[in-house]
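Structural features, examined
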Amino acid sequence: MDVRPLRHFAAVADTLHFGRAAERLGMTQPPLSQSIMALEKTLGAPLFVRSKRSVRLSAFGEQWLPHVLATLDSLDELPTTARRIRDGQTGLLTLSFVSTADYSVLPALVRRYSQAFPDVEIRLFEATSDVQIPALVAGERHAGIIIPPADQALPPPLDYRRLLREPLIAAVPTAWIDEGRIASDARLSTDEVLASPLILFPKQVAPAFHDLVTGYYAALGGAPRIVQEAIQMQTIISLVSSGLGIALVPASLRNMARTGVSYIPLAGAVPELETGLVWRRGEVSATLANFLKLLDTP
């Protein structure tokens, strides 16, 4: 349906006078009358009750008018909506993230972005880095927070930006400290690290994190005794709480309080874990562009 007859109908409904409505619309009365009659013919019902002295809305016209006005209001908002989408003021941002980011960079980034762009919908997807990277290459997400591979470059379509480097610490069963199995809760010694059973991400799921931990053991002159693997950091911490073993985790995981778990710094040279943002090069949406700009803002 052509929008012009709708505007004609709204003007006549507002003035209840064809002459004044035509003047408002910048047209003469005969074409306006013809437009209304053509619209009534299309609808199969009269919009106005006309007499020589007055014009009033028909029962049908009274019921249809609110729908027409709502439609016209929506049409008038289209340019503003287009501008807001173009500028990233509204729309959608899809962001995947590794579980460790939930306790470090993710909450602050999401909070700041939501405050700056409250009309943008943020969809978050927790996934390991090995799942995120092919999804980002395929264009299934706008960006992802990953632990980058240490021994190979990211696929060529992807850009990367470091967000955080943080030391690893030990998550240990609190009962081990109480029982004296661990000598001190100040720092976990090299001997205590090597002697303790380890809970770790599987290599195929988190190769960079796995290699960082096993490389640390190799630098200490030993090898980890892995008693259990898990793909979620929350699960790993729960297994530590049960007394199954220790886990080496990012320092920011102190933010994940869990009964029965204590977080202890490592003695000596400590490995650092890097977390960063990755996105598809050359396909930056307006919402993602604003997210990237936010990273440059203190």
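Note that the coordinates shown come from a computational prediction; the quantities given were computed from them, not determined experimentally.

Rules and cut-offs
Residues numbered from 1 in each chain as written. Predicted model: local features only at pLDDT ≥ 70, side-chain atom pairs only at ≥ 80, totals over all residues. Heavy atoms only, no water. Helix = DSSP H or I, 4+ residues; strand = E, 2+ residues; numbered from the N terminus. Buried < 20%, exposed > 50% of the residue type's maximum accessible area, 1.4 Å probe, protein only. Contact = heavy atoms within 4.5 Å. Salt bridge = Lys/Arg side-chain N within 4 Å of Asp/Glu carboxyl O. Axes fitted to C-alpha atoms, helices over the stretch in contact; angles between N-to-C directions. Parallel < 35°, antiparallel > 145°, perpendicular 65-115°, else oblique. Left-handed = near helix turned anticlockwise from the far one by under 90°. Nonpolar A, V, L, I, M, F, W, Y, C, P; charged D, E, K, R; others polar. Phe/Tyr/Trp six-rings, centres within 6.5 Å; stacked < 30°, edge-to-face > 60°. Lys NZ or Arg CZ within 6 Å of the ring centre and 35° of its normal.

Within the chain, the regular secondary structure consists of eleven helices and eleven strands. Structurally, the chain occupies a C-alpha span of about 105 × 40 × 35 Å along its principal axes. Residues classed as buried in the chain amount to 42% of the 298 residues present. Sequence-distant contacts in the chain: of pairs separated by 6 or more residues, those separated by 24 or more amount to 71%.

It is worth spelling out the pattern of salt bridges at this point. For the structure on display, the rule yields 14 salt bridges. Between D2 and R4 there is a salt bridge; the shortest N-O distance is 2.8 Å. A relative accessible area of 56% means that R4 is categorised as exposed. In this structure, R123 and E121 form a salt bridge, with 2.9 Å as the shortest nitrogen-oxygen distance.

To continue, consider the packing of helix 1 (residues 3-15) against helix 4 (residues 59-86). Taken N-terminus to C-terminus, the directions of helix 1 and helix 4 make an angle of 120 degrees; their axes are 10 Å apart at the nearest point. Relative to helix 4, the element helix 1 is oriented oblique. In the crossing of helix 1 with helix 4, the sense of the turn from one axis to the other is left-handed. Judged by residue contacts, V3, L6, R7, F9, A10 and A13 of helix 1 engage G61, W64, L65, V68, L69, L72, L75 and D76 from helix 4. Residues that form the contact of helix 1 with helix 4 fall into these classes: eleven nonpolar, one polar and two charged.

Look at helix 1 against helix 3 (residues 29-43): their axes get within 9 Å of each other, and the N-to-C directions meet at 110 degrees. It follows that helix 1 is roughly perpendicular to helix 3 by the angle criterion. Touching P5, H8, F9 and V12 of helix 1 are L32, S35, I36 and L39, all from helix 3. Taken together, the residues of the contact of helix 1 with helix 3 sort by class into six nonpolar, two polar and no charged.

On to the packing of aromatic side chains. Summed over the entire model, instances satisfying the criterion amount to eight aromatic pairs. A ring pair is formed by F60 and W64, whose centres lie 6.2 Å apart and whose planes are at 15 degrees; its orientation type is stacked. Here F60 pairs with W64, and both are found in helix 4, just four residues apart, close to one helical turn. A relative accessible area of 19% means that W64 is categorised as buried. Measuring from centroid to centroid gives 5.3 Å for F201 and F209, while their planes differ by 85 degrees, and the two rings are edge-to-face. Neither residue differs from the other here; F201 and F209 are each classed as buried. Members of the aromatic cluster, joined through ring pairs, are F9, F18, F48, F60 and W64. The ring of F125 has R141 lying over it, and the distance from NZ or CZ to the ring centre is 3.7 Å. Across the ring face of W176, the terminal group of R181 is positioned such that the distance to the ring centre comes to 3.7 Å.

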